[in-house]
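Working through the structure, step by step
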Amino acid sequence: MKTKRDDKHRRALAHLRRKEWEKAHEIVMDLDDKLAFHIHGLVHRVEGDMENARYWYGRAGVPLSRSLRLATELKAIEAAIDATP
């Protein structure tokens, strides 16, 4: 069963797809799980704040790759949300 948390993750991803970094950031700041940490890191990566990005990717347990395309990373995060029981 999907949760309200899943809905928040998906809303944050939707904002990222529309390049609405601040709105995505507001959502993930209130979440305390590895997927949210990954999204949080991605927000900072696309903003160019690599120091913050490294911190959040580390908390998510995900390697930071500057070469990974935004769309590819968004799809991977969405797949992780779908795989969550």
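What you are looking at is a predicted structure, and each value in this text was computed from that prediction instead of being measured. (Residues numbered from 1 in each chain as written. Predicted model: local features only at pLDDT ≥ 70, side-chain atom pairs only at ≥ 80, totals over all residues. Heavy atoms only, no water.)

**Describing unusual backbone geometry**
Backbone geometry follows two general trends: most residues other than glycine have a negative phi, and most peptide bonds adopt the trans configuration. Within the chain, Lys19 stands out as a residue other than glycine whose phi angle is a positive 60°. Here Lys19 is to be found in the loop between helix 1 (4-17) and helix 2 (21-29). A relative accessible area of 57% places Lys19 in the exposed class. (Helix = DSSP H or I, 4+ residues; strand = E, 2+ residues; numbered from the N terminus. Buried < 20%, exposed > 50% of the residue type's maximum accessible area, 1.4 Å probe, protein only.)

**Examining the pattern of salt bridges**
Pairing is possible between side chains that carry opposite charge, provided their charged atoms lie close to one another. Summed over all chains, the structure comprises six salt bridges. A salt bridge links Glu78 to Arg10; the nearest nitrogen and oxygen atoms lie 3.7 Å apart. Highlighted residues: Glu78 in helix 5 (residues 70-83) and Arg10 in helix 1, separated in sequence by 68 residues. Here Glu78 falls in the partly exposed class, since its relative accessible area comes to 27%. The residue Asp82 makes a salt bridge to Arg10 at a minimum N-O spacing of 2.3 Å. Note that Asp82 is positioned in helix 5 and Arg10 in helix 1, a separation of 72 residues in sequence. Looking at Asp82, the relative accessible area reads 47%, which means it is partly exposed. Residue Arg10 is classed as partly exposed on the basis of its relative accessible area, which comes to 28%. The network of salt bridges with common partners includes Arg10, Arg17, Glu78 and Asp82. (Salt bridge = Lys/Arg side-chain N within 4 Å of Asp/Glu carboxyl O.)

By themselves, these figures tell us nothing about what the structure is for.
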